[in-house]
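Per-entry structural report
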Amino acid sequence: CVDTILEFTIPNNTDIPNAGIDGTISYCGSQGNLDLFTLLSGTFDTDGVWEEISSSGLLSGSSWNSNAAAPGSYQFKYKVTGSCSLVDESFVNITLNEIPQSPIASVNAVVCDNQDLELFATTISGASYQWTGPNGFSSSLQNPVIIAASNVNSGIYTVKTLLNSCESIPASVEVVISQLPQFTIDLECINNVATLTATTLNNSFDASTSTYNWSNS
């Protein structure tokens, strides 16, 4: 009989592959070149291989060029191979949401004191709206109305659209609430002719540039 001694070396835990923890993230618009390693969580080995499950064709190593990608969802797999054919995998899911188009803001042409102020924003399909303005004004309507507006409502109004948690570039419009003209009517006899004269009060209008519409009621 022959005694045989066999020696084996059992790998320690440092040889167990670690691909980290999956990552899921959404962006508004493109984000340039993204390092997919930064989207993993926990500790991970850096000697694995990245593979795109989707089909953008924009992956190079661990870098993905989001600038050339259309809005949508993209999936990537990170695979680390260790000793004894051990494998660990993690996944990164990226969603690029489209930034909504900026609306065009406008207002009804002439707004006088105590008249309704109508704000307008062009239609952006699928989007919601957010208005802000003077005197603490805010509204989620596309075309809000301020009833019986006054001078405190004068100023800059801003509107933006929101779609899939992404905001458009804001658009603005300036609103000036015109003061109603204040005047008195004076009756005089000039050269034996009864003459009516409208006289401005409190500098509420410029008499030299104003037009008048007289009527006999």
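This write-up is about the structure you can find in this document. (Residues numbered from 1 in each chain as written. Predicted model: local features only at pLDDT ≥ 70, side-chain atom pairs only at ≥ 80, totals over all residues. Heavy atoms only, no water.)

1. Quick notes on the nonpolar core
In terms of nonpolar packing, the biggest core is built from 18 residues, with Leu117, Leu119, Trp131, Tyr157 and Val159 touching the most fellow members. Of all the secondary structure elements, the ones that give two or more residues to this core are β10 (117-121), β11 (128-133), β14 (155-163) and β16 (171-175). Leave out the neighbours within four places in its chain, and Leu117 touches Val107, Asn108, Val111, Pro144, Val145, Ile146, Ala149, Asn153, Tyr157 and Val175. Grouped together as the second largest cluster of nonpolar side chains are 17 residues, Leu36, Phe37, Val80 and Ile94 included. (Core = buried A, V, L, I, M, F, W, Y, C linked by side-chain atoms within 4.5 Å. Buried < 20%, exposed > 50% of the residue type's maximum accessible area, 1.4 Å probe, protein only. Helix = DSSP H or I, 4+ residues; strand = E, 2+ residues; numbered from the N terminus. Contact = heavy atoms within 4.5 Å.)

2. Focus on the environment of Ser165
With respect to the helices, strands and loops of the structure, Ser165 is situated in the loop between β14 and β15 (166-167). Distance in space between the C-alpha atoms of Ser165 and Ile99 is 9.0 Å, their sequence separation being 66 residues.

3. Comments concerning the state of the cysteines
Summed over all chains, the structure comprises one disulfide. The residue that forms a disulfide with Cys28 is Cys166, at a sulfur-sulfur distance of 2.1 Å. One disulfide, between Cys28 and Cys166, carries an S-S torsion of -95 degrees and so falls in the left-handed class. Of this pair, Cys28 sits in strand β1 (residues 23-28) while Cys166 sits in strand β15, and the two are 138 residues apart along the sequence. (Disulfide = S-S within 2.5 Å.)

4. Focus on the sheet that holds strand β2 (residues 33-35)
The pairing of strands in a sheet happens through backbone hydrogen bonds and is either parallel or antiparallel. In spatial order, the strands read β2-β5-β4; together these three strands make up an open sheet with antiparallel pairing. Looking at strand neighbours, the two that pair on one side only are β2 and β4 (59-60), the edges of this open sheet. Bridge count between β4 and strand β5 (residues 63-65): two bridges; the pairing is antiparallel. Looking at β5, one finds that Leu59 is bridged to Trp64. (Pairing = 2+ DSSP bridges.)

5. Remarks on a nonpolar patch on the surface
Taken together, the side chains of Ile185, Leu187, Leu196, Tyr212 and Trp214 define a hydrophobic patch exposed on the protein surface, amounting to about 550 Å² of accessible area. The topology assignment puts Tyr212 in the segment after β19 (193-200). (Patch = residues over 30% accessible without salt bridge, like charges linked within 9 Å, V, L, I, M, F, W, Y side chains within 5 Å. Areas by Shrake-Rupley, 256 points an atom, 1.4 Å probe, with all protein chains shown as cover. Salt bridge = Lys/Arg side-chain N within 4 Å of Asp/Glu carboxyl O.)

6. Quick notes on unusual backbone geometry
In the Ramachandran plot, Asn135 falls in the positive-phi region, its phi being about 60 degrees despite a non-glycine side chain. Classification of Asn135 by relative accessible area gives exposed; the value is 60%. For Ser165, which is not glycine, the phi dihedral falls at a positive 65 degrees. Judged by its relative accessible area of 73%, Ser165 is exposed.

7. What about the side chain of Ser139?
Its place among the elements puts Ser139 in strand β12 (residues 137-139). Judged by relative accessible area, Ser139 falls into the buried class, the value being 12%. In this structure the side chain of Ser139 is engaged in a polar contact, spanning 3.1 Å, whose partner is the backbone nitrogen of Leu141. Apart from the residues lying within four places of it in its own chain, the contact partners of Ser139 are Tyr129, Gln130, Trp131 and Pro144. (Polar contact = N/O pair within 3.5 Å; in protein donor to acceptor, adjacent residues only side chain to side chain.)

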